[in-house]
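A closer look at the structure
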Amino acid sequence: MAAVVEEKDVSGVEEKATPSVAPTAAEETAAEPGKHGDEEDTGAQIAPIVKLEEVVISTGEENEDVLLDIKAKLYRFDKEGTQWKERGVGQVKLLEHKQTKKVRLLMRQSRTLKICANHMVLASTTLQEHAGSDKSWVWHAPDYSDGTLKEELFCMRFGSIESAQKFKDAFEAAQEKVSVKSEKDEEAADETAGLLDNLKVEAATVTGNEVPDHKDD
């Protein structure tokens, strides 16, 4: 049996419409972009209360050329505790001074930028593998990272064998530069000393051969 749907006569039901009220002139002005009182541009310029001046921060590396810049982890051997202590993870650089041509090793921690290694590259320094690892190097150096010159035993670990070898090659290349410069400085010092000795000899000769005063007979 089919269901019978009762139809309702809605012809007599009045539809309730939302009353339409025209906005006032003030509301129209507020709704238009650029005409709101708070957004109105008066053209006035307000001077800042505090004037911040640009500050130039010196890193001490301005007069140096970067020979190497690579990421590594540094350890320092604690003699009192007889153990290795981590000094931080960061970028290790080999820096050559533009005038003196001296090379130093500088390492800063990644987050704090605190210096954890700062020493000159010497021709007498020897890099050695740490416990047979081909990713780490151990060496002695007179370090100045803590503000005072102190002999330290460092161990530096790299993320790959290639990075470790790259550091070693750059370090040894810097040592060759330092060695050549030292030889030239010694030759220049010997030459200067020789010239000074000659000047002393000539001065002594002139002093010993002074012309005597002539007396009337």
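You'll find the structure just up there.
The rules behind the values
- Residues numbered from 1 in each chain as written.
- Predicted model: local features only at pLDDT ≥ 70, side-chain atom pairs only at ≥ 80, totals over all residues.
- Heavy atoms only, no water.
- Phe/Tyr/Trp six-rings, centres within 6.5 Å; stacked < 30°, edge-to-face > 60°.
- Helix = DSSP H or I, 4+ residues; strand = E, 2+ residues; numbered from the N terminus.
- Buried < 20%, exposed > 50% of the residue type's maximum accessible area, 1.4 Å probe, protein only.
- Patch = residues over 30% accessible without salt bridge, like charges linked within 9 Å, V, L, I, M, F, W, Y side chains within 5 Å.
- Areas by Shrake-Rupley, 256 points an atom, 1.4 Å probe, with all protein chains shown as cover.
- Salt bridge = Lys/Arg side-chain N within 4 Å of Asp/Glu carboxyl O.
- Contact = heavy atoms within 4.5 Å.

So, on to the packing of aromatic side chains. Applying the stated rule across the entire model yields six aromatic pairs. Arranged with centres 6.3 Å apart and planes meeting at 45°, the rings of Trp-139 and Phe-171 form a pair that is tilted. With Trp-139 in strand E6 (residues 133-143) and Phe-171 in helix H2 (residues 161-208), this residue pair connects regions lying 32 residues apart in the sequence. Note on accessibility: Trp-139 and Phe-171 belong to one class, buried. Grouping aromatic residues by their ring pairs yields a cluster made of Trp-139, Phe-154, Phe-158, Phe-167 and Phe-171.

Let us look at a nonpolar patch on the surface. Side chains of Ile-49, Val-50 and Leu-52 sit close together on the surface and give an oily, nonpolar patch of about 430 Å² of accessible area. Mapped onto the elements of the fold, Leu-52 is located in the loop between helix H1 (25-31) and strand E1 (64-78). Owing to a relative accessible area of 78%, Leu-52 belongs among the exposed residues under this scheme.

Assignment of secondary structure puts Asn-118 in strand E4 (residues 115-120). Residue classification places Asn-118 among the buried residues on the basis of a relative accessible area of 14%. Spatially, the C-alpha atoms of Asn-118 and Arg-104 are 7.0 Å apart, while their sequence positions differ by 14 residues. The residues touching Asn-118, leaving out its near neighbours within four places in the chain, are Arg-104, Leu-105, Leu-106, Asp-143, Tyr-144 and Ser-145.

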